[in-house]
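Report on the structure
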Amino acid sequence: MKEVSCDIICDLIPLVRDGVANRDSVDMVMGHIEDCEACRQEFDALNPMELDGLSIEDENIIASIKRNIFITQMAVLILGAIIGVALTGSMGQFYNFIIMPILGGLSIKVLRGRWHIGFIAVFVLSYVGQVLYFIITNQFTWGVLYGSAIYGMFYISLMALGVVIFGLLRFAFGGEGDKNEEG
Ligand SMILES: [Zn+2]
């Protein structure tokens, strides 16, 4: 193993702690501080929290807020899908004209490139839910397999409508839609 001077390691430590060093530098520093007490202390002393004072701490807070928003939106998406599907065939069915477009918009916003997962989830949830309902209540006929698919498609259409509305709102607010939490 080739020897590297402590000076070089000390130069590299801030980069490694910042996460901007390349793989070889990281390996070099990590390998060196295993054997070199002085450099290990240097490495430990340079805690990323203290490195740039508030800025990194702020980034962590922002990241944690973003994560919380994401988790909340995911929860709303999942809960909305379950509630919406559960309302099928009941008096509350009407609410799906509001719930499904919101779910569509949320799918795009929360899942982004994987928005279709939201659509597929609602379709599958509604389809399986209805078929199970008819089986449990002993009302199952083969027509249920067909009718449930129609409901699923109907919900997906409403979600697609929500995507269009979401897109228009985003356009209207000049791409600032992300910051305007409208629901
Ligand atoms: Zn050293």
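Residues numbered from 1 in each chain as written. Predicted model: local features only at pLDDT ≥ 70, side-chain atom pairs only at ≥ 80, totals over all residues.

**Digging into the overall build of the chain**
- Within the chain, the regular secondary structure consists of eight helices and zero strands.
- The helix and strand sequence of the chain, counted from the amino end, reads α-α-α-α-α-α-α-α.
- Scored against the burial criterion, the 183 residues of the chain give a buried share of 22%.
- For the chain, contacts bridging at least 24 residues in sequence account for 60% of all contacts bridging at least 6. (Helix = DSSP H or I, 4+ residues; strand = E, 2+ residues; numbered from the N terminus. Buried ≥ 20, exposed ≤ 12 C-beta atoms within 10 Å, placed from the backbone. Contact = placed C-beta atoms within 7 Å.)

**A look at unusual backbone geometry**
- The backbone phi angle of arginine 112 is positive, close to 50 degrees, even though this residue is not glycine.
- The topology assignment puts arginine 112 in the loop between helix H6 (96-111) and helix H7 (115-136).
- One non-glycine residue, asparagine 138, lies in the positive phi region at around 60 degrees.
- Of note, asparagine 138 is situated in the loop between H7 and helix H8 (142-172).

**So, the packing of H6 against H8**
- One way to put it is that H6 packs onto H8 with a least axis distance of 7 Å and a crossing angle of 60 degrees. As judged from the angle between their axes, H6 and H8 are oblique. Helix-helix and strand crossings are classified by hand; for H6 and H8 the assignment is right-handed. Touching Asn96, Phe97, Met100, Pro101, Ile102, Leu103, Gly104, Gly105, Ser107 and Ile108 of H6 are Tyr155, Leu158, Met159, Ala160, Leu161, Gly162, Val163, Ile165 and Phe166, all from H8.
- Residues belonging to the contact of H6 with H8 are distributed by class as follows: 14 nonpolar, five polar and no charged. (Axes fitted to C-alpha atoms, helices over the stretch in contact; angles between N-to-C directions. Parallel < 35°, antiparallel > 145°, perpendicular 65-115°, else oblique. Left-handed = near helix turned anticlockwise from the far one by under 90°. Nonpolar A, V, L, I, M, F, W, Y, C, P; charged D, E, K, R; others polar.)

**As for the packing of helix H1 (residues 6-18) against helix H3 (residues 37-45)**
- Close contact between H1 and H3 brings their axes to 10 Å; oriented N to C, the two are set at 15 degrees. It follows from the interaxial angle that H1 and H3 lie roughly parallel. Crossing handedness for the pair H1 and H3: right-handed. Seen from H1, the contacting residues are Cys6, Ile9, Cys10 and Ile13; seen from H3, they are Ala38, Cys39, Glu42 and Phe43.
- For the contact of H1 with H3, a count of residues per class yields seven nonpolar, no polar and one charged.

**Things to note about the nonpolar core**
- Core analysis: the largest hydrophobic core is formed by 19 residues, its most contacted members being Met100, Leu103, Val122, Tyr155 and Met159.
- The greatest single-element share of this core, amounting to seven residues, is contributed by H6.
- Membership of the second largest hydrophobic core comes to eight residues, among which are Val29, Ile33, Cys39 and Phe43. (Core = buried A, V, L, I, M, F, W, Y, C linked by C-beta atoms within 7 Å.)

**Examining the confidence of the model for the chain**
- In the predicted model, the chain carries a mean pLDDT of 82, and 88% of its residues have values of at least 70.
- Confidence over residues 177-183 falls short of pLDDT 50; this stretch has four contacts with residues more than four positions distant or in other chains. (pLDDT = per-residue confidence, 0-100.)

**Topic: H6**
- Judged by how many residues are buried, H6 sits mostly within the fold: 13 of 16 residues are covered.
- Positive backbone phi, approximately 50 degrees, marks arginine 112, located one or two places after H6.

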